[in-house]
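# Examination of the molecular architecture
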Amino acid sequence: MTRLTVPKTYKLYIGGKFPRSESGRTYEIATRAGGFLANAAKASRKDARDAVVAARSAVSGWSSATGYNRGQVLYRVAELLEGRRAQFVDELVQSEDLSSRQAEAAVDLAVDRWVWYAGWADKYAQALGNGNPVAGPYFNISVPEPTGVVAIVAPQSGEGHSLVGLVSAIAPALVAGNTVVVLASESAPLTAISLSEVLATSDVPGGVVNVLTGSPAEMAPWLASHADVNALDLVGAGALDWVALQVAAAETLKRVLTPEDGSDAAAPSLQRISAFTELKTVWHTKGLL
């Protein structure tokens, strides 16, 4: 008996839910051979605004959690990724130019990378902060705090980059207590969609991660100029006019990580955590005055 295939139409991930694009637009995801694989939602400006609202509403809860708690939550995501390993391997083989062995290596690297960043959640503050030497009867202490809402243009191409690059861009921002709105790979968004499903069944609160599929060229300018976005990671914007995106971001005083600053998102780096933190310094008297 021959079964008919069930064409899938995937949705966005905003505020812990899976809405359709408010525009109703979709686009086709092709296999590496050019055949039909699935439909993905094509996000609109309104969807981007909704994602920023969801991310903003989640900042206070996520940033106020202890580093240990965030680490445990993020480690659970790695466990779920590992449990769905076969699915991610299949998606990489179908949608990207990878062999089964290469896809398996990419998924394993993505899981390992998530674990690596989760392990920093209760340690990065000690590495980035400091007790500063001062003249006088004072303590002077610098402590890293999250920037807030980070908009990310995920890596768009390369072997396994739809997953490894995505994980390596999202995870360090989350470690420090930021929330994110990420523009997934336009041509290979399946792993981002599946990661959304992992996040929805994990302990990550709704709104902490919001995933938009569609055209980064269309959506990135709106996020760069959005006044309620605090920082912009352009690691996957090399093919876009990222200088214009920097200019738009500067108008609302965003911190920006350019493709030149973070071209290798897949490399584990404490600097990718510190890129979206703000050092706050406090003074306190010591002894008797």
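For the structure, see preceding data.
Source: prediction; values computed, not measured. (Residues numbered from 1 in each chain as written. Predicted model: local features only at pLDDT ≥ 70, side-chain atom pairs only at ≥ 80, totals over all residues. Heavy atoms only, no water.)

### Thoughts on the overall build of the protein chain
Helix and strand content of the protein chain: 10 helices and 11 strands. Whereas a compact globule of 289 residues would reach a radius of gyration of roughly 19 Å, the protein chain reaches 20 Å, a difference of no more than 12%. In terms of overall dimensions, the protein chain has C-alpha extents of about 90 × 40 × 30 Å along its principal axes. In the protein chain, which comprises 289 residues, the share counted as buried stands at 49%. The contacts of the protein chain with a sequence gap of at least 6 include a subset with a gap of at least 24, amounting to 76%. Approximately 13200 Å² of the protein chain is accessible, and the part contributed by carbon and sulfur atoms is 53%. Across the protein chain, the centroid of the 24 positively charged side chains sits 6 Å from that of the 28 negatively charged ones. (Helix = DSSP H or I, 4+ residues; strand = E, 2+ residues; numbered from the N terminus. Rg over C-alpha atoms; globule rule 2.2 N^0.38 Å. Buried < 20%, exposed > 50% of the residue type's maximum accessible area, 1.4 Å probe, protein only. Contact = heavy atoms within 4.5 Å. Areas by Shrake-Rupley, 256 points an atom, 1.4 Å probe, with all protein chains shown as cover. Lys, Arg positive; Asp, Glu negative; His and termini not counted. Charge placed at Lys NZ, Arg CZ, Asp CG, Glu CD.)

### Observations regarding the pairing of strand β7 (residues 179–183)
Taken residue by residue, a regular strand's side chains alternate between the two faces of the sheet. Most of β7 sits inside the fold, with five of its five residues counted as buried. Of the two faces of β7, the one carrying T179, V181 and L183 and the one carrying V180 and V182 are both buried. As paired elements, strand β6 (residues 149–153) and β7 share five bridges and run parallel to each other. Considered in β7, the bridge of V149 is made with T179. Direction of pairing for β7 relative to strand β8 (residues 209–212): parallel, over a ladder of four bridges. (Pairing = 2+ DSSP bridges.)

### Re helix α4 (residues 100–120)
Here α4 spans 31 Å end to end across 21 residues, near enough to the 30 Å set by a 1.5 Å rise per residue. When α4 is considered as a whole, its buried residues turn out to be A103, A106, V107, A110, V111, R113, W114, Y117 and A118. The buried residues of α4 occupy an angular sector of 155° when the element is viewed end-on, so they sit on one face. Against the buried residues of α4 lie α2 (67–83), α3 (85–95), α6 (164–175) and α10 (270–274). (Expected span 1.5 Å × (residues − 1). Arc of directions from axis to C-beta.)

### A look at the pattern of salt bridges
What the rule picks out here adds up to 11 salt bridges. D97 is paired through a salt bridge with R32; the nearest N and O atoms lie 4.0 Å apart. Here D97 is found in the loop between α3 and α4, whereas its partner R32 is found in the loop between β2 (26–30) and β3 (36–41), with 65 residues between them in sequence. Residue classification places R32 among the partly exposed positions, given a relative accessible area of 47%. For K123, the salt bridge goes to D122, with nearest N and O atoms at 3.0 Å. Residue K123 is classed as partly exposed on the basis of its relative accessible area, which comes to 43%. We classify D122 as partly exposed; its relative accessible area is 33%. (Salt bridge = Lys/Arg side-chain N within 4 Å of Asp/Glu carboxyl O.)

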